[in-house]
Amino acid sequence: MSATVEAQPQPSAPVQAAYSYCEAVTGQQARNFAYGIRLLPTEKRQAMSALYAFSRRVDDIGDGTLAPEAKRERLEATRVLLDRVRAGEVDEDDTDPVAVALADSARRFPIPLGGLDELIDGVLMDVRGATYETWDDLKVYCRCVAGAIGRISLGVFGTQPGAAGADRAPEYADTLGLALQLTNILRDVREDAGNGRTYLPSDDLAKFGCGDGFGSDTMPEGSDFAGLVHFEVRRARALFAEGYRLLPMLDRRSGACVAAMAGIYRRLLDRIERDPEAVLRGRVSLPGREKAYVAVRGLSGLDTRHIARRTVRRRA
Ligand SMILES: CC(C)=CCC/C(C)=C/CC/C(C)=C/COP(=O)(O)OP(=O)(O)O
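Residues numbered from 1 in each chain as written. Predicted model: local features only at pLDDT ≥ 70, side-chain atom pairs only at ≥ 80, totals over all residues. Heavy atoms only, no water.

S.K.: Tell me about the overall build of the chain, and name the residues and values.
M.R.: From N to C terminus, the chain includes 15 helices and 0 strands. In summary, the chain has a C-alpha radius of gyration of 20 Å against a globular reference of 20 Å for 316 residues, a match within 12%. Along the three orthogonal principal directions, the C-alpha set of the chain runs to about 65 × 55 × 35 Å. Out of the 316 residues belonging to the chain, those deemed buried represent 52%. Within the chain, residue pairs in contact and separated by at least 24 positions form 74% of the contacts whose partners lie at least 6 positions apart. Accessible area for the chain stands at about 14,200 Å²; split by element, carbon and sulfur atoms hold 50% of it. Between the mean site of the 44 positive side-chain charges and the mean site of the 45 negative ones, the chain shows a separation of 8 Å. (Helix = DSSP H or I, 4+ residues; strand = E, 2+ residues; numbered from the N terminus. Rg over C-alpha atoms; globule rule 2.2 N^0.38 Å. Buried < 20%, exposed > 50% of the residue type's maximum accessible area, 1.4 Å probe, protein only. Contact = heavy atoms within 4.5 Å. Areas by Shrake-Rupley, 256 points an atom, 1.4 Å probe, with all protein chains shown as cover. Lys, Arg positive; Asp, Glu negative; His and termini not counted. Charge placed at Lys NZ, Arg CZ, Asp CG, Glu CD.)

Here it is, written out as structure tokens:
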């Protein structure tokens, strides 16, 4: 997979303005992922911001207050927009800056736009109020809303020429997305429960006696909430370990971006593991200076080199 389709001219003024809009959305709303995206060179940073702004729009429809039918209509309208981007029908005169930026990015990079259809499908599952009995069931949802984002992002990053095992890069990008999403689900247990949503598999909840009143401030007598969280943390860690195999295949700054995104979420996971009940009290987050530190480590290649060595050792 090459990094860029072919040498492209500088974006025109209207396209630059569309990218500026998407970068502003990313800077304001991507509280964690913006730290990684900022590490990319201009063209890739702009493309990732366009992808983020489109994904944010889809996610916001799902999380918003509209009635389910209205949400479905809006999501299908977003799909129509995506079809227009795919068909090359969106140009710089379009009034929607996210569409303009996405269309330009899709011309510059081999972005598998079908991943954004998967994202819409995942959010439609939410709107339907889908619940998940097993981890395999939940994985289907996570693949749509996060694995697909990993695979799409890989279209922007590309893999380094001659990178060993690069044919498996999309699989690792997908797995890293699952790791992030499971961490996100653990972090947001309380907020999601407040919205009537439980993502963790009902089989797992039952195993730890957490089936009733899940996500409320006080879990029922006899339930082992900490045991449940530790079980899911182990699952997320295994996904991170597998997904990190992607890192040695990326160029330095793409690797730094992914290492920063994943590193910040792994630190969230560490916090959750140390104090599982914290997710019932509120949203676990990292201070800005810690996120910046993780990003700088990513750029210095410390994490990437460490992980590459471990991957090689494991293979040997
Ligand atoms: C290879 C690669 C780049 C893989 C990563 C793919 C990726 C970025 C998946 C996103 C999944 C996720 C947890 C979204 C939450 O976004 P949010 O904006 O709600 O997050 P926040 O609440 O933490 O700010």
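Structure's up, so let's keep going.
S.K.: An account of the site of the ligand is requested, with residue identities and associated values reported.
M.R.: Surveying the vicinity of the ligand reveals 19 residues, the closest of which are R31, N32, R56, R187 and Y265. At 2.7 Å, a side-chain N or O of R187 approaches an oxygen atom of the ligand. Taken together, the elements giving at least two residues each to the shell around the ligand come down to α3 (42-63), α7 (135-157), α8 (169-187) and α12 (252-274). Residue classes in the shell around the ligand are distributed as 10 nonpolar, 5 polar and 4 charged. (Near = heavy atom within 4 Å. Polar contact = N/O pair within 3.5 Å; in protein donor to acceptor, adjacent residues only side chain to side chain. Nonpolar A, V, L, I, M, F, W, Y, C, P; charged D, E, K, R; others polar.)

S.K.: Could you give me a rundown of the pattern of salt bridges, with the residues and numbers involved?
M.R.: All told, the structure shown has 31 salt bridges when counted by the stated rule. For D251, the salt bridge goes to K44, with nearest N and O atoms at 2.9 Å. Placement of D251 in the loop between α11 (225-243) and α12 and of K44 in helix α3 is noted, with a sequence separation of 207 residues between them. You can call K44 buried: its relative accessible area is 8%. R86 is the salt-bridge partner of D117, the closest N and O atoms lying 2.8 Å from each other. You can see D117 sitting in helix α6 (residues 114-128) and its partner R86 sitting in helix α4 (residues 68-86), a full 31 residues away along the chain. R86 sits in the partly exposed class, given a relative accessible area of 38%. (Salt bridge = Lys/Arg side-chain N within 4 Å of Asp/Glu carboxyl O.)

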